[in-house]
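What follows is each chain in one-letter form.
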Amino acid sequence: QVQFAESGGNWVQPGGSVVLSCEATGVGFTFEDYAMAWYRQGPDNQRVLVAGITAGGQYTDYPEFTKGRFAIARDNYNNRLFLQMNSLNVEDTGVYFCNRHTAYGVTFSWGQGTLVTVSS
């Protein structure tokens with residue numbers, strides 16, 4: 001069973017930055033085999049993809065609303081996924097989760113997520 005532990009969420013003012021981290025663990029789970037992504041669950045409880053990365057880390061993808069502001073990275077040696085979030089605005093507020101990239105397969109069980117609050 002795969003488990004994800006997200007961390008790094010915080011309260012930040014508009015225009016600020018936050019770095020999120022995700023550790024993936026599981027017996028028989030090979031992190032480097034999977035394309036991964038970060039997702040945000042907002043007040044409407046909808047979970048949307050905010051950044052994705054291929055298994056080897058060579059390619060990344062972002063929706064228009066995060067492009068140029070967010071940067072995803074991974075450390076396959078330590079089974080970790082990262083998200084650098086810059087120029088944050090109030091619409092970025094939400095609980096952030098890491099999981100398998102939905103464009104490449106079905107997601108695993110979700111972790112607890114980490115809360116990012118953007119407000120003045």
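Residues numbered from 1 in each chain as written. Predicted model: local features only at pLDDT ≥ 70, side-chain atom pairs only at ≥ 80, totals over all residues. Heavy atoms only, no water.

1. Notes on the sheet that holds strand β1 (residues 3-7)
Spatially, β1-β3-β8-β7 is the arrangement adopted by the 4 strands of the open sheet, whose pairing is antiparallel. Every other strand in the sheet has two partners, leaving β1 and β7 (70-75) as the edge strands with one partner each. The sheet shows a mean angle of 15 degrees between the axes of neighbouring strands, taken without regard to direction. Pairing of β7 with strand β8 (residues 80-85), which is carried by 6 bridges, proceeds in the antiparallel orientation. (Pairing = 2+ DSSP bridges. Helix = DSSP H or I, 4+ residues; strand = E, 2+ residues; numbered from the N terminus. Axes fitted to C-alpha atoms, helices over the stretch in contact; angles between N-to-C directions.)

2. Comments concerning the sheet that holds strand β2 (residues 11-12)
Read from one edge to the other, the open sheet built from 6 strands follows the order β2-β10-β9-β4-β5-β6, with strand pairing classed as mixed. In this open sheet, the two edge strands, each paired with only one partner strand, are β2 and β6 (60-61). Pairing of strand β5 (residues 47-53) with β6 involves 2 bridges; the strand directions are antiparallel. The partner of G52 across the bridge, within β6, is D61.

3. A few points about the side chain of Q41
Following the sequence through the fold, Q41 ends up in strand β4 (residues 36-41). Looking at Q41, its side chain comes within polar contact range of the side chain of N45, at 3.1 Å. Among the polar contacts listed, one links the side chain of Q41 to the side chain of R47, at a separation of 2.8 Å. Once you skip the residues sitting within four places of it in the chain, Q41 turns out to touch Q46, R47, G94, V95 and F97. (Polar contact = N/O pair within 3.5 Å; in protein donor to acceptor, adjacent residues only side chain to side chain. Contact = heavy atoms within 4.5 Å.)

4. Section: the pattern of salt bridges
Going through the model one piece at a time under the given rule, you end up with 4 salt bridges. Where R80 meets E23, a salt bridge forms, and the shortest distance between an N and an O atom there is 3.6 Å. Of this pair, R80 sits in strand β8 while E23 sits in strand β3 (residues 18-25); the two residues are 57 residues apart in sequence, bridging distant segments of the chain. The class of R80 is partly exposed, set by a relative accessible area of 28%. Residue classification places E23 among the partly exposed residues on the basis of a relative accessible area of 32%. The salt bridge partner of E64 is K67, with a shortest N-O separation of 3.0 Å. (Salt bridge = Lys/Arg side-chain N within 4 Å of Asp/Glu carboxyl O. Buried < 20%, exposed > 50% of the residue type's maximum accessible area, 1.4 Å probe, protein only.)

As far as function goes, none of this settles anything; it's purely spatial.
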